[in-house]
Amino acid sequence: MSTDPLIDRLATDLRPVRRRTPWRDAAILLVLGISEVTWVIMTGLMRPDMPHAMHMPSFWWKTAGLAALASISGVTALLSLSPTHSPRRGLRVVGGVAFVMLGLGWLVDALQAGPAVLWHRLDPAHGLVCARKIVELSLPVALALGLLARRGAPTDSRGTAWAAGIAASAFGALTFALACPFDDPLYLAVWYLSAGVVVTLATRLILPLLTRW
């Protein structure tokens with residue numbers, strides 16, 4: 001019995017899919033990230049003490065650490081969209097970088113003179129606002145990764161969703177770091193991490209529902 005009629009019926013409604021390339025996907029994320037940074041600068045949201053902050057070790061610890069997390073998790077998420085790549089190794093690297101970043105943060109904190117009251121350092125009134133803005137700035141990247149994922153074929157959908165969530169939250173935190181006047185490692189460990197957890201968990205739960213996985 002010929003299967004040609006069945007194959008023809010199954011292929012009737014199919015449309016050609018534009019071939020994706022990791023470089024083009026990475027360029028999309030890079031342009032999106034630059035656009036968000038430009039928006040922060042053009043709207044006057046840049047922290048007013050930036051000239052002074054650029055001489056502070058805590059500022060560079062925060063910026064370099066977030067840039068590393070955003071880059072590694074973004075690359076991991078994009079590579080995992082191919083069925084030949086697993087995101088697990090990249091996720092382990094992200095975890096290691098986050099651990100090192102926190103360790104260096106406590107070292108920077110210990111080297112800075114002047115003890116502060118815990119509640120004053122956490123500053124919940126500003127901390128909650130910071131966390132909300134990080135979540136908002138993470139949404140465009142999360143959406144972009146979701147759209148890119150629809151054209152991919154990951155073999156580890158959970159790992160890809162985790163990587164996408166971490167990448168989105170790291171991009172959002174990195175963008176907001178340019179406007180945030182707080183460099184206290186304890187403050188960042190609480191509020192930046194809280195926003196990252198919210199974005200990552202939401203992406204892990206929602207992304208598989210919006211894709212073909």
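Worth saying up front: this structure is predicted, and the values here are computed from it rather than measured. The residue numbers shown here count from 1 along each chain, following its written sequence. This being a predicted model, a pLDDT of at least 70 is required before a residue's local features are given, and a value of 80 or more before pairs of side-chain atoms are given or counted; all residues contribute to the totals for chains, interfaces and linings. Hydrogen atoms and water are omitted, and side-chain values are computed over all heavy atoms in the structure.

Engineer: So what's going on with the nonpolar core? Residues and values would help.
Structural biologist: We call a set of buried residues a nonpolar core when its members are Ala, Val, Leu, Ile, Met, Phe, Trp, Tyr or Cys and they connect through side-chain atoms within 4.5 Å of each other. The buried label goes to any residue with under 20% of its type's maximum accessible area, the exposed label to any with over 50%, and the partly exposed label to all in between, with areas taken from a 1.4 Å probe on protein chains only. Judged by nonpolar contacts, the single largest core of 41 residues is most densely connected at Leu-145, Phe-176, Tyr-187 and Tyr-192. Strands are runs of DSSP state E lasting at least two residues, helices are runs of H or I lasting at least four, and both sets are numbered from the N terminus onward. For this core, the elements supplying multiple residues, two or more each, are helix H4 (57-79), helix H5 (88-111), helix H7 (124-150), helix H8 (157-177) and helix H9 (185-210). When near neighbours in sequence (up to four residues on either side) are disregarded, Phe-176 contacts Cys-130, Lys-133, Ile-134, Leu-137 and Tyr-192. When checking whether two residues touch, look at their non-hydrogen atoms; a contact exists if any pair is within 4.5 Å.

Engineer: Provide a residue-level description of the state of the cysteines, including the pertinent values.
Structural biologist: Here, the term disulfide refers to a pair of cysteine sulfur atoms separated by no more than 2.5 Å. Following the criterion strictly, the structure yields zero disulfides and no others. Sulfur of Cys-130: no disulfide; nearest cysteine sulfur belongs to Cys-180 and is 4.1 Å away. Its relative accessible area of 0% is what places Cys-180 among the buried residues.

Engineer: Break down the UniProt feature "transmembrane region" (unreviewed entry) in the protein for me, citing the residues and quoting the values.
Structural biologist: UniProt positions are given in the numbering used here, feature names are shortened, and annotations may be inferred rather than shown by experiment. UniProt feature "transmembrane region" (unreviewed entry): in the numbering of this structure it lies at residues 26-47, 59-81, 93-113, 125-149, 161-179 and 185-207. A helix fraction of 77% and a strand fraction of 0% characterise residues 26-47, whose end C-alpha atoms lie 28 Å from each other. Within the segment residues 161-179, helix and strand shares are 89% and 0% respectively, and the terminal C-alpha atoms sit 28 Å apart.

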